[in-house]
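Chain and residue survey
What follows is the residue order along each chain.
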Amino acid sequence: MAGSLAELPPNILSEILSRLPIKSLVACRTVCKTFLDITSSNPFFNSLHSSKTAPNLIIQLGSVHNPTRYFERYHVHTGEENNFVLVNSCDGLLYFAERDVCERSFVCNPIMKEYLTLPEFDKERNRRQLTMGSWFGFSVGDNQYKVLRIFSTLTGRPWEIGFKQEFWAQVHVVGSSLWRDIANQPPSEYLTWDTCFTLLNGTVYWLCRYPELSKFIIFFDFHQEKFGEILPPLELGTGWQINQHCMSMGVLGGCLSVTVNTEFLDIWVVEKSSGQVSWTKKFVIDTSVHMGHHLIEGPFKPLQILSNRHIILMMIWSDDVVVCYDAKERTFKFFKLNGVRSVCRSVMLRPSFVPLKDALMVDNVVVQNSQ
């Protein structure tokens, strides 16, 4: 008589379950306690699943002032009376912030349908504060999830003598109750929610654009809690300052990447080794060839390399399409996002089945099931 699948050794069962599509795996978790335990807070399964699962493209439609509140793919509802904007993702978690209103924020695991509301920014000591932006990341050295907030303080009135605007930064360790100041001031006044940014290996990077012509990339290390700057490739010369509106930044092949779209679409990757930064031009793509669709000018954001087919995924939002480029065949494919009029935010998310409480490694929090 054949035994139950649940009676297989845990490592074999983990191998089987990690190969299932997300929807099937979610359904399997409701079958029995064994399946649920195997797929929850199991380091072996989590590692297997992460290595076998491709990242998902998560899109929030609307605008930053009127974003959609519902994410159909994972049934995450951000509430009826708010304007929570998707900021970024990290380790299978999504970070949302409510801009221009109460500036509330929360961390969400869309697979587990759980979220954690973070403490509001403390404005009591100076009510004339303006939050420029906030970003969520993980500090490997501290083994903690953190949120960086950049804000400005105003002294006096703009039309009065002595008026002054200063820029500061705070860090919140997820699970704590406070925001604390950091000594290192932001090196730019243009680091906002709308600045092109990328999160990679515990560091958030911003690609500076006009009118910040003197800087290329600014970064913040969540472990050291310090800002830094990366200079552009020498080959770019000063031309990048003119063409900043045609530049974008992303993660390609595990490396920070920058695209420059002028006569050709150049894709650069940057690598760090022993504190040294080196640039390599990875791809040069001719976008002038007629291919049924004209690639209009604008910033392309690198998304992913599918090494088995040598395909780079990029997207350009001015035409609401996802563009796939085959580096071997030098051909393009275009995927129209039907019904999309405007995109508020988009992130790449690798689904995680780790309960939010375990992922955040804190005990004194209230994690609620999303509606």
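Provided above is the structure to which this section pertains.
What this report covers is the structure whose coordinates are included nearby. Computed from a predicted model, the values in this text were never measured in an experiment. Each chain has its residues counted from 1, running along the sequence as written. Per-residue local features are limited, in this predicted model, to residues with pLDDT of at least 70; the limit for side-chain atom pairs, both in listing and counting, is 80 or more; totals at the level of whole chains, interfaces and linings are taken over all residues. As a rule here, side-chain values come from all non-hydrogen atoms in the structure, and water together with hydrogens is ignored.

1. Thoughts on the overall build of the protein chain
Stated formally: A helix here means a DSSP run of H or I that spans at least four residues, while a strand means a run of E at least two residues long, and both kinds are numbered starting from the N terminus. The classification of residues rests on relative accessible area computed with a 1.4 Å probe and restricted to protein chains. Under 20% of the type maximum is buried, over 50% is exposed, and intermediate values are partly exposed. Two residues form a contact once any of their heavy atoms are found within 4.5 Å. Accessible areas in this description were obtained via Shrake-Rupley with a 1.4 Å probe; residue shielding takes into account the shown protein chains only.
When its secondary structure is counted, the protein chain shows 6 helices and 26 strands. Out of the 371 residues belonging to the protein chain, those deemed buried represent 50%. A fraction of 50% describes how many contacts in the protein chain between residues 6 or more apart in sequence connect residues 24 or more apart. Surface summary for the protein chain: the accessible area is close to 19200 Å², and the carbon and sulfur share equals 52%.

2. Notes on helix α1 (residues 10-18)
Stated precisely, the cut-off is as follows: Throughout, the arc means the angular range of directions from the helix axis out to the C-beta atoms.
Of the positions making up α1, those classed as buried are Leu 13, Ser 14, Leu 17 and Ser 18. The buried residues of α1 occupy an angular sector of 125° when the element is viewed end-on, so they sit on one face.

3. Observations regarding the pattern of salt bridges
Here the idea is simple: oppositely charged side chains can pair when their charged atoms come close. For clarity, the threshold we go by: Note on definitions: salt bridges are taken to be side-chain nitrogens of Lys or Arg within 4 Å of carboxyl oxygens of Asp or Glu.
Counted by the stated rule, this structure contains 10 salt bridges. When the shortest N-O distance is used, the salt bridge between Glu 225 and Lys 146 registers 2.8 Å. Linking Glu 225 in the loop between β15 (217-221) and β16 (226-230) with Lys 146 in strand β10 (residues 144-155), this pair joins segments that are 79 residues apart in sequence. On the basis of relative accessible area, Glu 225 is assigned to the buried category, the value being 12%. Counted as one network, the salt bridges with shared partners bring together Asp 142, Lys 146, Arg 180 and Glu 225.

4. Points about the environment of Glu 98
With respect to the helices and strands, the residue Glu 98 is situated in strand β6 (residues 93-98). The buried category is assigned to Glu 98, whose relative accessible area is 2%. Considered as a pair, Glu 98 and Val 87 are 11 residues apart in the sequence and their alpha carbons are 9.7 Å apart.

5. What about the side chain of Asp 266?
Secondary-structure assignment places Asp 266 in strand β19 (residues 264-273). With a relative accessible area of 13%, Asp 266 lands in the buried category. Sequence-distant contacts of Asp 266, defined by excluding residues within four places in its chain, comprise Val 258, Thr 259, Val 260, Lys 281, Phe 283 and Val 284.

6. A word on helix α4 (residues 43-52)
Listed in full, the buried residues belonging to α4 are Phe 45, Leu 48 and His 49. In a view along the axis of α4, the buried residues occupy a sector of 95°, so they form one face of it. Of the exposed residues in α4, the ones pointing more than 90 degrees away from its buried face are Pro 43 and Ser 51. Of the surrounding elements, those touching the buried residues of α4 are α1, α2 (22-28) and α3 (33-38).

7. Describing the sheet that holds β10
The following threshold applies: The pairing criterion for strands is at least two bridges between them, as found by DSSP.
With respect to topology, 4 strands assemble into an open sheet ordered β9-β10-β11-β12, the strand pairing being antiparallel. Two strands close off the open sheet at either side, each with one partner strand: β9 (129-139) and β12 (180-181). Here 10 bridges tie β10 to strand β11 (residues 164-173), and the two strands are oriented antiparallel to one another. Considered in β11, the bridge of Lys 146 is made with Val 173.

8. Things to note about the nonpolar core
Side chains of nonpolar character tend, in soluble globular proteins, to be buried together. What counts here: Among the buried residues, those of types Ala, Val, Leu, Ile, Met, Phe, Trp, Tyr and Cys that are joined through side-chain atoms within 4.5 Å form a nonpolar core.
Phe 136, Leu 148, Ile 150, Trp 206, Phe 220 and Phe 227 are the most contacted members of the largest nonpolar core, which totals 36 residues. Setting aside anything within four residues of it in sequence, one finds Ile 150 in contact with Leu 130, Thr 131, Met 132, Gly 133, Trp 135, Trp 168, Ala 169, Pro 186, Leu 191, Trp 206 and Phe 227. Judged by nonpolar contacts, the second largest core, of 17 residues, contains Cys 196, Leu 200, Tyr 205 and Phe 216.

9. Focus: the packing of α1 against α4
The packing of two helices is summarised by the inter-axis angle and the distance between the axes. How we decide: A fitted line through C-alpha atoms represents every axis, and for helices the fit uses only the stretch in contact; the resulting angles, taken between N-to-C directions, go from 0 to 180 degrees. Any angle between 65 and 115 degrees counts as roughly perpendicular, while under 35 counts as roughly parallel, over 145 as roughly antiparallel, and the rest as oblique. Here a crossing is taken to be left-handed if its near helix is turned anticlockwise relative to the far helix by less than a right angle, and right-handed if that turn runs clockwise.
The contact between α1 and α4 brings their axes to 9 Å, and the two run at 30°. Overall, the two elements α1 and α4 adopt an arrangement that is roughly parallel. Between α1 and α4 the crossing geometry is right-handed. Taken together, the residues of α4 that come into contact with α1 (itself represented by Asn 11, Ser 14, Glu 15, Leu 17 and Ser 18) are Phe 44, Phe 45, Leu 48, His 49 and Lys 52.

10. Some remarks on the pairing of strand β14 (residues 203-207)
Where burial is concerned, most of β14 is hidden: 5 out of the 5 residues are buried. The alternating pattern of β14 places Thr 203, Tyr 205 and Leu 207 and Val 204 and Trp 206 on opposite faces, both of which are buried. Pairing geometry for strand β13 (residues 197-200) and β14, over 4 bridges, is antiparallel. Residue pairing for β14: Leu 199 is matched across the bridge by Val 204. Judged from the 5 bridges that link them, β14 and β15 form a sheet pairing that is antiparallel. Counterpart to Leu 207 in the pairing with β15 is Ile 217.

11. Some remarks on the sheet that holds strand β25 (residues 343-349)
The antiparallel open sheet is built from 3 strands, whose spatial order is β2-β1-β25. Both edges of this open sheet fall to β2 (66-67) and β25, since each of them pairs with a single strand only. In terms of strand pairing, strand β1 (residues 56-63) meets β2 through 2 bridges, oriented antiparallel. Along β2, the bridge assignment pairs Gly 62 with Pro 67.

12. Let's talk about a nonpolar patch on the surface
The cut-off we apply is this: The residues that make up patches have over 30% relative accessible area and no salt bridge, and they are joined within 9 Å when like-charged or within 5 Å when they are Val, Leu, Ile, Met, Phe, Trp or Tyr.
Residues Leu 5, Leu 8, Ile 12 and Ile 16 make up a contiguous nonpolar surface patch of about 290 Å² in total accessible area. Here Leu 5 lies in the segment before α1.

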